[in-house]
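Structure at a glance
One letter stands for each residue in the lines below.
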Amino acid sequence: MVDNHIKRLEQQIRRVEQSIVREKQKQRKARTRRLIQKGALLEKYFECDQLSVEETEKLLKIFASSVNEKKPDKYKKTKKLDFDNFNSTHDD
């Protein structure tokens, strides 16, 4: 009786662990796909497929501050709210 319960719990633990591994793999694949797509766009619009990684980085650094300054708000990185600090500083 106890052995069966332990076996069921161990199976549940394995299923949860496998689910976590699958989710991490899914996230890695999505990130890899996104990076490949963005790299392709970089090569397309900057015509830099002949440049090395280091040369591409130097090219991007030249334009980064100008692009970030002129970037429309809808493309800017959004800051996540820190609710812990928010609550402690806004308590009435």
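Cut-offs and rules
Residues numbered from 1 in each chain as written. Predicted model: local features only at pLDDT ≥ 70, side-chain atom pairs only at ≥ 80, totals over all residues. Heavy atoms only, no water. Helix = DSSP H or I, 4+ residues; strand = E, 2+ residues; numbered from the N terminus. Buried < 20%, exposed > 50% of the residue type's maximum accessible area, 1.4 Å probe, protein only. Areas by Shrake-Rupley, 256 points an atom, 1.4 Å probe, with all protein chains shown as cover. pLDDT = per-residue confidence, 0-100. Patch = residues over 30% accessible without salt bridge, like charges linked within 9 Å, V, L, I, M, F, W, Y side chains within 5 Å. Salt bridge = Lys/Arg side-chain N within 4 Å of Asp/Glu carboxyl O. 1 Å grid on protein atoms, 1.4 Å probe; cavity = no way out; pocket = protein on both sides within 12 Å on 5 of 7 lines; lining within 4 Å. Points joined across faces, edges and corners; volume = space filled by probe spheres on them. Nonpolar A, V, L, I, M, F, W, Y, C, P; charged D, E, K, R; others polar.

A few points about the overall build of the protein chain
Regarding its fold elements, the protein chain presents three helices and zero strands. When the helices and strands of the protein chain are read in sequence order from the N terminus, they spell out α-α-α. Burial analysis of the protein chain (92 residues in total) assigns 3% to the buried set. Counting only carbon and sulfur atoms, one obtains 54% of the accessible surface of the protein chain, whose full area is about 9,500 Å².

Some thoughts on the confidence of the model for the protein chain
Scored by pLDDT, the protein chain comes out at a mean of 90, with 86% of its residues at no less than 70. The weakest mean pLDDT in the protein chain belongs to helix 3 (residues 83-89) at 59; the strongest belongs to helix 1 (residues 2-46) at 96.

Considering a nonpolar patch on the surface
A grouping of Leu41, Tyr45, Phe46, Leu60, Ile62, Phe63 and Val67 is seen on the molecular surface, where their side chains present a nonpolar patch of about 700 Å² in accessible area. Sorting the residues of the nonpolar patch by element identifies helix 1 and helix 2 (53-70) as the ones contributing at least two each. Per-element tally for the nonpolar patch: the top contributor is helix 2, with four residues. One can find isoleucine 62 in helix 2. Classification of isoleucine 62 by relative accessible area gives exposed; the value is 62%.

Overview of the pattern of salt bridges
Scanning the model with the defined rule gives two salt bridges in all. Two residues, lysine 61 and glutamate 57, come together in a salt bridge whose shortest N-O distance is 3.8 Å. One end of the pair, lysine 61, and the other, glutamate 57, are both in helix 2, four residues apart, so they sit about a helical turn from each other. For the salt bridge of lysine 76 with aspartate 73, the shortest nitrogen-to-oxygen distance reads 3.4 Å. Classification of lysine 76 as partly exposed rests on a relative accessible area of 35%.

Some points on the layout of surface pockets
Of the volumes computed, that of the largest pocket is approximately 480 Å³. As for the largest pocket, its lining consists of Lys38, Gly39, Leu41, Leu42, Phe46, Leu60, Phe63, Ala64, Val67, Asn68 and Lys71. At the level of secondary structure, the elements contributing two or more residues to the lining of the largest pocket comprise helix 1 and helix 2. In the lining of the largest pocket, the residues fall into seven nonpolar, two polar and two charged.

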